[in-house]
Amino acid sequence: MNDFLSLAKARQSDRAYDTTRPVEAEKLERILEAACLAPSACNAQPWRFVVITDSGLSEKVGKAAAGLGMNKFAATAPVHILIVEESANFTSILGGKVKDKHFPLIDIGIAAAHISLAAEDEGLGSCILGWFDEKEIKKLTGIPSSKRLLLDITIGYPVKEKRKKSRKDKEKVISYNKY
Ligand SMILES: Cc1cc2nc3c(=O)[nH]c(=O)nc-3n(C[C@H](O)[C@H](O)[C@H](O)COP(=O)(O)O)c2cc1C
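Scope of this entry: the structure provided in the associated data block. (Residues numbered from 1 in each chain as written. Predicted model: local features only at pLDDT ≥ 70, side-chain atom pairs only at ≥ 80, totals over all residues. Heavy atoms only, no water.)

Further remarks concern the nonpolar core. Proteins that are soluble and globular tend to have nonpolar side chains buried together. Counting residues in each nonpolar core, the largest one holds 24 residues, and the members touching the most others are Ile-31, Phe-49, Ile-81, Ile-83, Ile-115 and Ile-155. Elements represented by at least two residues in this core include exactly α2 (25-36), β1 (47-52), β2 (79-85), α5 (103-121) and β4 (148-156). In terms of residues, this core owes the most to one element, α5, which gives 6 residues. Beyond its immediate chain neighbours, meaning those up to four positions away, Ile-81 contacts Leu-28, Ile-31, Leu-32, Phe-49, Val-50, Val-51, Ile-115, Leu-151, Asp-152, Ile-153 and Ile-155. Residues Tyr-17, Val-61, Ala-64 and Val-84 belong to the second largest nonpolar core, which totals 17 residues. (Core = buried A, V, L, I, M, F, W, Y, C linked by side-chain atoms within 4.5 Å. Buried < 20%, exposed > 50% of the residue type's maximum accessible area, 1.4 Å probe, protein only. Helix = DSSP H or I, 4+ residues; strand = E, 2+ residues; numbered from the N terminus. Contact = heavy atoms within 4.5 Å.)

So this is what it looks like as structure tokens:
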């Protein structure tokens, strides 16, 4: 099978991590390099990746992602990559206004995909989180309150088995040459 397809099939949202096993700095650097290589509208790269590796801070950030029964596992993740939306460049902003699309949201989604696939490629597990206490995490990490913290990606060595993928039938989401 094609290598990329195998990687895409293997990646899953891992929601339990080995708390005794730290993530190697070299692995993290390669994951972040992959993040920085993501495409973005007009190459604006409207992101900043705030990498949380300090164990005390990681736990606090993880706790700030938990609430209403969601994301309890996040406090056990040894690493969090927080993706902050930064200002896009003039052409991306102008193009977005003309076409009524906020490109940075799309750009950051693609960067998140690079991160989670790169983590899988390094033998690590990850989970993209959109549900967290944005204010609290900003306070903990010094992210200015004026900025949007869009995603938190937890990373660590997974402790659970791979699950079977649950996806819509291809016929429901793919069509050729017409809607
Ligand atoms: C933008 C976004 C936000 C997400 N937020 C959360 C979250 O807050 N908590 C969580 O456990 N999973 C979250 N997920 C993971 C999805 O639930 C998961 O990708 C989906 O169920 C498919 O499962 P899989 O990733 O294992 O293939 C999020 C995924 C994306 C792309």
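There is more to say, and it comes next.
Here we take up the site of the ligand. Taken together, 16 residues surround the ligand, and among them Ser-13, Arg-15, Asn-71, Arg-163 and Arg-167 come closest. At a separation of 2.7 Å, an oxygen atom of the ligand approaches a polar side-chain atom of Arg-15. Relative to its free-state accessible area of 620 Å², the ligand is covered by the protein chains to the extent of 62%. Looking at the shell around the ligand, the element that brings in the most residues is strand β3 (residues 125-129), giving 3 residues. Looking at side-chain class alone, the shell around the ligand contains 7 nonpolar, 4 polar and 5 charged residues. (Near = heavy atom within 4 Å. Polar contact = N/O pair within 3.5 Å; in protein donor to acceptor, adjacent residues only side chain to side chain. Areas by Shrake-Rupley, 256 points an atom, 1.4 Å probe, with all protein chains shown as cover. Nonpolar A, V, L, I, M, F, W, Y, C, P; charged D, E, K, R; others polar.)

Before going further, it helps to examine the environment of Ile-31. Looking at where Ile-31 falls in the secondary structure, it is placed in helix α2. When the C-alpha atoms of Ile-31 and Glu-122 are compared, they prove to be 8.1 Å apart, with 91 residues separating the residues in sequence. Setting aside its immediate chain neighbours within four residues, Ile-31 contacts Ile-81, Ile-115, Ala-118, Ala-119, Glu-122, Leu-124 and Ile-155.

So, about the sheet that holds β2. Judged by pairing direction, the sheet is antiparallel, and its 4 strands sit side by side in the order β1-β2-β4-β3 without closing on themselves. The open sheet terminates on both sides in strands that have one partner only, identified here as β1 and β3. Mean inter-strand twist for the sheet, computed between neighbouring axes without regard to direction, equals 20°. Bridge count for β2 against β4 is 7 bridges, and the pairing is antiparallel. Paired with Ile-83 across the two strands is Leu-151, which belongs to β4. Relative to the sheet, α5 contacts β1, β2, β3 and β4, its axis offset from that of β2 by approximately 160°. (Pairing = 2+ DSSP bridges. Axes fitted to C-alpha atoms, helices over the stretch in contact; angles between N-to-C directions.)

Time to look at a nonpolar patch on the surface. A cluster of nonpolar residues, Leu-68, Met-70 and Trp-131, forms a patch on the protein surface that exposes about 350 Å² of accessible area. Looking at the element boundaries, Trp-131 is found in the loop between β3 and α6 (134-141). (Patch = residues over 30% accessible without salt bridge, like charges linked within 9 Å, V, L, I, M, F, W, Y side chains within 5 Å. Salt bridge = Lys/Arg side-chain N within 4 Å of Asp/Glu carboxyl O.)

Our next topic: the side chain of Arg-11. Mapped onto the secondary structure, Arg-11 falls in the loop between α1 (3-10) and α2. No salt bridge is formed by the buried Arg-11. Its closest oppositely charged neighbour is Glu-120, at 6.8 Å. If we skip the residues at most four places from it in the chain, Arg-11 touches Ser-116, Leu-117, Glu-120, Lys-165 and Arg-167. (Lys, Arg positive; Asp, Glu negative; His and termini not counted.)

This paragraph deals with α5. With 19 residues, α5 extends 27 Å from end C-alpha to end C-alpha; this agrees with the ideal 27 Å at 1.5 Å per step. Within the span of α5, buried status applies to Phe-103, Pro-104, Asp-107, Ile-108, Ala-111, Ala-112, Ile-115, Ser-116, Leu-117, Ala-118, Ala-119 and Glu-120. Trailing α5 by a residue or two, Gly-123 shows a phi angle of about 80°, which is positive. (Expected span 1.5 Å × (residues − 1).)

As a further point, take the pairing of β2. β2 sits mainly inside the fold: 7 of its 7 residues count as buried. On β2, burial covers both faces: Val-79, Ile-81, Ile-83 and Glu-85 on one face and His-80, Leu-82 and Val-84 on the other are all buried. For β1 and β2, the ladder comprises 6 bridges, and the chain directions are antiparallel. Bridge pairing in β2 places Trp-47 opposite Glu-85.

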